[in-house]
Amino acid sequence: MNPIEAQAALDSMAEARRELARSGPKYPLWRHAAFAAVMAALVLGQGFGQPWSLLLMVFPMAAVAWLVTDDRKRYGVFVNGYRKGRTLPVTLTLVVLMLGAMGAEIYARSYGLGLLVKFGIAGFAFVVALAMSLWWTRVYDRELLKGA
């Protein structure tokens, strides 16, 4: 392959990424909310002892499997959020915030704090995960449009 062919191949890849950003899936708000509900359930599960914490783990795992299947069926693709690129700082921020919320749930469980506190922490996790999902999608689309 000569340099001109190599550059043409790179340009073709960049254009394919831009086309994916323009015509790819435009996730509705319910899809972002479903992701946020998964994260909130994972967080909430930390606030309870057995068997509730196990039950609150089953729902998110089943929901993730459903979301992957639904995305592939509905949009033809599932975009994994754990990827290198400009979205990585967004993903890492989400992980840190969710770990902090899980720590707060463990604290609430350890000190016998009430359900209102536990559901408040999970509600906070839901709002944060929803905002981060929307932000992640914007960053991802921008990255594709720029051909990074």
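Keep in mind it's a predicted model, so treat the numbers as computed, not measured.

## Some points on the overall build of the protein
Moving on, step 1. A count of helical and extended segments in the protein gives five helices and zero strands.
Moving on, step 2. Going residue by residue from the N terminus, the α and β elements of the protein occur as α-α-α-α-α.
Moving on, step 3. Principal axes of the C-alpha set define a box for the protein whose edges measure 70 × 30 × 25 Å.
Moving on, step 4. For the protein, with 148 residues in total, the buried portion stands at 34%.
Moving on, step 5. Considering only residue pairs separated by 6 or more positions, the protein has 77% of its internal contacts joining residues 24 or more positions apart.
Moving on, step 6. Surface summary for the protein: the accessible area is close to 9,000 Å², and the carbon and sulfur share equals 70%.
Moving on, step 7. Positive and negative side-chain charges in the protein, numbering 16 and 9 respectively, have mean positions lying 7 Å apart.

## A look at a positive patch on the surface
Moving on, step 1. A contiguous patch of positive charge on the surface is contributed by Arg 86, Arg 138, Arg 142 and Lys 146.
Moving on, step 2. Positionally, Arg 142 belongs in helix 5 (residues 115-146).

## A closer look at the confidence of the model for the protein
Moving on, step 1. In the predicted model, the protein carries a mean pLDDT of 89, and the fraction of residues at 70 or more is 92%.
Moving on, step 2. Element-level mean pLDDT values for the protein span from 71 in helix 1 (residues 3-23) up to 97 in helix 4 (residues 88-110).

## A few points about the packing of aromatic side chains
Moving on, step 1. Throughout the structure, instances matching the rule amount to four aromatic pairs.
Moving on, step 2. Between Tyr 27 and Tyr 75, the aromatic rings sit 5.0 Å apart at their centres with planes inclined by 80 degrees, giving edge-to-face as the arrangement. Of this pair, Tyr 27 sits in the loop between helix 1 and helix 2 (29-45) while Tyr 75 is found in helix 3 (residues 52-75), placing the two residues 48 residues apart along the sequence.
Moving on, step 3. Since its relative accessible area comes to 23%, Tyr 75 is described here as partly exposed.
Moving on, step 4. Judged by centre distance (5.0 Å) and plane angle (15 degrees), the rings of Trp 136 and Tyr 140 are stacked. One end of the pair, Trp 136, and the other, Tyr 140, are both in helix 5, four residues apart, so they sit about a helical turn from each other.
Moving on, step 5. Its relative accessible area of 12% is what places Trp 136 among the buried residues.
Moving on, step 6. The exposure class of Tyr 140 is buried, given its relative accessible area of 12%.

Conventions adopted
Residues numbered from 1 in each chain as written. Predicted model: local features only at pLDDT ≥ 70, side-chain atom pairs only at ≥ 80, totals over all residues. Heavy atoms only, no water. Helix = DSSP H or I, 4+ residues; strand = E, 2+ residues; numbered from the N terminus. Buried < 20%, exposed > 50% of the residue type's maximum accessible area, 1.4 Å probe, protein only. Contact = heavy atoms within 4.5 Å. Areas by Shrake-Rupley, 256 points an atom, 1.4 Å probe, with all protein chains shown as cover. Lys, Arg positive; Asp, Glu negative; His and termini not counted. Charge placed at Lys NZ, Arg CZ, Asp CG, Glu CD. Patch = residues over 30% accessible without salt bridge, like charges linked within 9 Å, V, L, I, M, F, W, Y side chains within 5 Å. Salt bridge = Lys/Arg side-chain N within 4 Å of Asp/Glu carboxyl O. pLDDT = per-residue confidence, 0-100. Phe/Tyr/Trp six-rings, centres within 6.5 Å; stacked < 30°, edge-to-face > 60°.

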